[in-house]
Structures are given as C-alpha cells and as structure tokens.
Amino acid sequence: MKKNILILCTGNSCRSQIAEGWMRFYAKDKANVYSAGIETHGVNPKAIATMKEAGIDIAHHTSNHINEYKDIRFDYLITVCDHAKENCPYFPSDAKSFHHNFTDPSKKIGSEEEIKKAFAETREEIRVYCENFVNQELNG
C-alpha cells in the first residue's frame, strides 16, 4: 500500500520543492509525495534549474498551501525548515513526524556562481536525506 508523504516548508518554493522531487525519485511507486507551505511563494526558478542539472524535472510543480491537503491522511510529515516547524498551524494528523532544517539557498547573497553553488549544495543535502529516508522508512 502506498504511503502518503507531506513535505512542509514556509513558502513551498525551494527546499520543499527540491525534497518533493528527490522523494518522488527515490520512493517511486511506494509513496504519494506532496509538498506544501504555511504560505505560498511560487516555485523558485533557481530550485527548478538546480534540479534540472541533477536530471529531475520539477518545472510542473506548484506552490501549495497546507490547507489544500487537510483531507488527506498522511503517513509521514517532514518539515524542512525550522520556521515551518515552529509556525505550522494545527494540522490534524497521526503521521510520523520528521524534521531537518536544510540550508536555505534562496537567502544566499553573492555572485551568480556563489548562489548557484549554494543551491547545488542544498540540493545534495536534501538528496542524501531523501535517499536515506526512503531506505529506512519505505524499503525497511
């Protein structure tokens, strides 16, 4: 039976979008993967670009508010930033909760090359997390 995974961030624009892409890649048909924010900021074009470099297309993703998923029973809830973990409105769920505060590359100030590097580093950090999560929680 497929598991339902919700990945939650503040604006559902960058880290949660990258995590959704990797989680779908690693979970394949073992899970339905959703991402949402406590706000919606649109999908960050740099997140789309950094995932494309890794061979994952998230250009079709949308920025969704957590309330859009209130009727779905989630097995796992993963917060990917401290702000979302601390400020998430009450979300009725018996999901198993996980938290990891990933570096926010959209806050990086510097040259275009430095910003691109920050996105690639966060992409890799999230990739490793998602691969390990799937191996421990879905393949175990």
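It should be noted that the structure appears before, not after, this text.
Residues numbered from 1 in each chain as written. Predicted model: local features only at pLDDT ≥ 70, side-chain atom pairs only at ≥ 80, totals over all residues. Heavy atoms only, no water.

## Some thoughts on the sheet that holds strand β3 (residues 76–79)
Inference 1: Ordered in space as β2-β1-β3-β4, the four strands form an open sheet in which the pairing is parallel. A single partner strand is all that each edge strand has here, and the edge strands are β2 (31–37) and β4 (96–99). Ignoring which end each strand starts from, the neighbouring axes of this sheet average 20° apart.
Inference 2: Packed onto the sheet, helix α4 (residues 112–138) meets β1 (3–9), β2, β3 and β4 and runs at close to 160° relative to β3. (Pairing = 2+ DSSP bridges. Helix = DSSP H or I, 4+ residues; strand = E, 2+ residues; numbered from the N terminus. Axes fitted to C-alpha atoms, helices over the stretch in contact; angles between N-to-C directions. Contact = heavy atoms within 4.5 Å.)

## Focus: α4
Inference 1: In this model α4 runs 37 Å from its N-terminal to its C-terminal C-alpha over 27 residues, within 8% of the 39 Å that 1.5 Å per residue would give.
Inference 2: Of all the residues in α4, the buried ones are Ile-115, Ala-118, Phe-119, Thr-122, Arg-123, Ile-126, Arg-127, Tyr-129, Cys-130, Phe-133, Val-134 and Leu-138.
Inference 3: Each element contacted by the buried residues of α4 is listed here: β1, α1 (15–27), β2, α2 (45–53), β3 and β4. (Expected span 1.5 Å × (residues − 1). Buried < 20%, exposed > 50% of the residue type's maximum accessible area, 1.4 Å probe, protein only.)

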